[in-house]
Amino acid sequence: MINNLVIVESPAKARTIEKFLGKDFRVTSSMGHIRDLSKKDFGIDLKNNYTPEYIVPNDKKKIVNELKKLVKEANTVWLASDEDREGEAIAWHLFEVLKLDPVKTRRIVFGEITRNAILESIKNYRAIDKNLVNAQQARRVLDRLVGFELSPVLWKKVKPALSAGRVQSVAVRLIVEREREIINFKPVSTFRTTGIFNTKNSDGKNFQIKSELDQRFRDKSTAFEFLGKCRGAEFRISDIIKKPARKSPSPPFTTSTLQQEASRKLGFSVSQTMSVAQRLYESGFITYMRTDSVNLSQLALNVARKTITEEFGDKYVNIHQYKTKTKGAQEAHEAIRPTYIENSSVAGTNAEKRLYDLIWKRTLASQMSDAQLEKTIAEIAISTSSEKFVAQGEVILFDGFLKLYIESSDEENIEDSKGLLPPLRKDQSLENLEIVVAQRFTNPPARYTEASLVKKLEELGIGRPSTYAPTISTIQNRGYVIKEDREGKEREYISMKLRNGFIEETMEKENYGRERAKLFPDNIGMIVNDFLIEYFKEIMDFNFTASVEKEFDDIAEGNLLWTKMIDDFYKPFHKRVEETIENSDYSKGERKIGDDPETGRPVIARMGRYGPIVQIGDQETEEKPRYASLLKGQHLETITLEEALDLFKLPRTIGQYKGKEMVVGIGRFGPYVRHDSKFYSLKKGIDDPYKITSERAIELILEKMETDKNRIIKTFEDEPDLQILNGRWGPYIAYKKKNFKIPKNSDPSKLNKEECLKIINNPSSKKKKNNS
DNA sequence: CAGTGAGCGAGCTTCCGCTTGACTT
């Protein structure tokens, strides 16, 4: 017999709570939701006022059976799922599925896992809030209707197996629109002037002051004119302004801010952060990692005060609670913090240690004093011109939280690093060492990283802490978006330098636009996005979630019937779906990019059955169109007429060798020469498929034949499937289309058949699958 | 390493939020 059975959502939470409650209580977990809508016929009875049809999914049957057994033995059942919409629904589903007795069932909630909070909640039990449950049902049903009606439209009109949804489609939209801003961005250049001046430090040593002119020049000639005026001019300090400044620490981590900082500081992907955090949580090292709250328990604040005082002293303590500014935050948990704040490190893998360190520092820093700074701005006047040079210095008077933690930012290349300035006085004259004018270009908006996309979604109130990582995976798995690196491009800029009375002008080179692990929309992502925006503007609106959330709140307050809310949404939405299926054309992202100069026929870029293509001529004309696939790295959105026409130049015949034709083309594995139905790769960075000569092609063919000759080290007469070969990474064993590594200590040419088979059957030498 | 929504068509794909393992390598 169990006197009290407490059901929470997570097993790790159950373990902790059991310790607080003592022998009279048995604590177990439901592992999240135990029921969901059936996938058959939407799981919603559309003819019967949207009655949901709930089923227990297969992977939840075991846990439900165990719960049923426990419930039978229990006197009182305490439903302790989270204090939010989803948590309330979990409690209700448990109540229904486990057929609980209302008299013996109590609903309790607590916003933090501390002994006090839990004992307090036991005193304040209540009944299940059916209004809140209905708000969740509305949320669930709406998402199902949107997802399961829109996705099939895409299967019919764009491509099978695609998907659309309230959250993912808006996430893709953000990325597509950002990409288009970047594509359409026209950089503007201005001329930035920096001056270096010499003065003496307090100990009499030379000190160079770096400064920037208070304005930028629009064009080269005015910049040049300015430099001319500076020749022989006098420079003196016209003003010194000192002003105090403060820096405050950031609040403790939520899921979203943890993902952002782990991405910037540790280079973790969003899903990597979550799985490392999950392990820390399961080990009892940190509090729950899926949260939108910046709240810390009183207990945590007390320990933080003690730890900061001991480590840094009283002056560094500033205990306070932060308020969340996040739209739609439900705050069912604490912020992410170390369970035991006094522990500055934990045992675990390298990644676990680093993430813990980040969480520990951020938590403590959030309870530390502001940093106090003094900013100094020195203006340097020019005797011959009205512009002024400005030198900035920053001194930390009191470091406060900066002693422990500095938050990083998404902004890159901050040009002026402020440092110390030497003692300066007004009217002091300065010796000018050099003045440099450099042409600077404006930058397009930054592409999203996984983490900055999460930040944006959170700002829009779209998605929840538990879905950020899965959403980012989904939009990549569907092929809408790819995370990749891009090489930067080189450009020239004008630089003018005044030194020793001479002005020297040079052209300098700089790299720009290099990207690392950024999110790029792929062709299909853009096509789906444009299609959805054309026909389903409401769903794609950035405020759609916010406006339905408002209605969910009304339902939760008991002021709106959930089925009415759904009906008001669904009727016009469904009509729109039917109209779209009826009236819209198959969407292939077609774009005319120009006319073929030879024939005058239109050149069109679009999506074909097997990927993006360009074609010359359209279907309506009598002459059949010519087709060519886009190369890797080319996109429907950006391909130019010139690039498209190049694609039709291949494959081309460049001559004959031994009576057989040599044909150059670009295939799946890059540029090639085909001869006698064999393929020879062109050398990357050396050979150009549009220009390669027959002499060079023959060279490549002979070279390949030579390496092929050396390829075979050994064959076996009685086992034709078995060969020892020389490959790119040295000798290996090939057997029935599979390759096996040869152990370092053996001589490949001396291996016999038995030894080879032994290597093949050794499980450790099996070919590894690539993790993508 | 070609083909490129016209050609007959079974049955499948899909949402968002709550949670962990169960599988591989």
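Since this is a predicted model, take the numbers as computed values, not measurements. (Residues numbered from 1 in each chain as written. Chains lettered and ligands numbered in written order. Predicted model: local features only at pLDDT ≥ 70, side-chain atom pairs only at ≥ 80, totals over all residues. Heavy atoms only, no water.)

**So, the packing of helix 6 (residues 168–183) against helix 12 (residues 450–459)**
Closest axis-to-axis distance for the helix 6/helix 12 pair is 11 Å, and the angle between their directions is 120°. Classified by the angle between their axes, helix 6 and helix 12 sit oblique to one another. Seen from above, helix 6 lies across helix 12 with right-handed handedness. In this structure, helix 6 uses Ala171, Leu174 and Ile175 to contact helix 12, whose residues at the interface are Leu453, Lys456 and Leu457. In terms of residue class, the contact of helix 6 with helix 12 is built from five nonpolar, no polar and one charged. (Axes fitted to C-alpha atoms, helices over the stretch in contact; angles between N-to-C directions. Helix = DSSP H or I, 4+ residues; strand = E, 2+ residues; numbered from the N terminus. Parallel < 35°, antiparallel > 145°, perpendicular 65-115°, else oblique. Left-handed = near helix turned anticlockwise from the far one by under 90°. Contact = heavy atoms within 4.5 Å. Nonpolar A, V, L, I, M, F, W, Y, C, P; charged D, E, K, R; others polar.)

**A look at the sheet that holds strand 25 (residues 670–675)**
The strand order 23-24-25-26 describes an open sheet built from four strands, whose pairing is antiparallel. Sheet topology places strand 23 (652–657) and strand 26 (678–681) at the edges, where each strand pairs with a single neighbour. Along the sheet, successive strands turn relative to each other by an average axial angle of 30°, direction set aside. Pairing of strand 24 (residues 660–667) with strand 25, which is carried by six bridges, proceeds in the antiparallel orientation. Looking at the pairing, Gly665 lines up with Tyr672 of strand 25. Most of the contacts of helix 19 (residues 694–711) go to strand 26, to which it runs at about 105°, and overall it touches strand 23, strand 24, strand 25 and strand 26. (Pairing = 2+ DSSP bridges.)

**Considering unusual backbone geometry**
Even without a glycine there, the phi angle at Asn49 is positive, about 55°. Here Asn49 shows up in the loop between strand 4 (44–45) and strand 5 (51–52).

**Section: the sheet that holds strand 7 (residues 74–79)**
A sheet is described by the order of its strands in space; here four strands give the open sequence 2-1-7-8, paired in parallel fashion. Each having just a single partner strand, strand 2 (25–29) and strand 8 (105–107) make up the two edges of the open sheet. In this sheet, neighbouring strand axes are inclined to one another by 25° on average, regardless of whether the strands run parallel or antiparallel. Relative to strand 7, strand 1 (residues 2–8) runs parallel, the two sharing five bridges. The partner of Ile2 across the bridge, within strand 7, is Ala74. Across the sheet, helix 2 (residues 58–73) touches strand 1, strand 2 and strand 7, and the angle it forms with strand 7 is around 130°.

**Describing the protein's contact with DNA strand B**
His33, Ala161, Tyr288, Tyr586 and Arg609 are the nearest of the 56 residues found near DNA strand B. For DNA strand B, the backbone makes up 53% of the atoms found within 4 Å of the protein, where backbone means sugar plus phosphate. Contacts to DNA strand B include Gly147, whose backbone N or O atom sits 3.5 Å from a base oxygen. Contact between DNA strand B and Arg166: a phosphate oxygen at 2.7 Å from a side-chain N or O atom of the residue. Mapped by element, the contributors of at least two residues to the surface near DNA strand B are helix 5 (130–157), helix 9 (270–282), strand 20 (602–608), strand 22 (626–629) and strand 25. No other element matches helix 5, which puts nine residues into the surface near DNA strand B. Considering only residue class, the surface near DNA strand B consists of 20 nonpolar, 16 polar and 20 charged. (Near = heavy atom within 4 Å. Polar contact = N/O pair within 3.5 Å; in protein donor to acceptor, adjacent residues only side chain to side chain.)

**Side note on empty space enclosed by the protein**
Enumeration according to the criterion identifies one cavity of 30 Å³ or more in this entry. The calculated volume of the largest cavity comes to roughly 40 Å³. What lines the largest cavity is simply Ser163, Gln168, Ser169, Val172, Tyr480, Val528, Asn529, Leu532 and Met540. At the level of elements, helix 6 and helix 14 (523–535) are the ones that each hand at least two residues to the lining of the largest cavity. In terms of residue class, the lining of the largest cavity is made up of five nonpolar, four polar and no charged. (1 Å grid on protein atoms, 1.4 Å probe; cavity = no way out; pocket = protein on both sides within 12 Å on 5 of 7 lines; lining within 4 Å. Points joined across faces, edges and corners; volume = space filled by probe spheres on them.)

**A word on the side chain of Ser495**
Relative to the assigned elements, Ser495 resides in strand 16 (residues 489–499). Not counting residues within four places of it along the chain, the set of residues in contact with Ser495 comprises Val436, Val437, Glu504, Glu505, Thr506 and Glu508.

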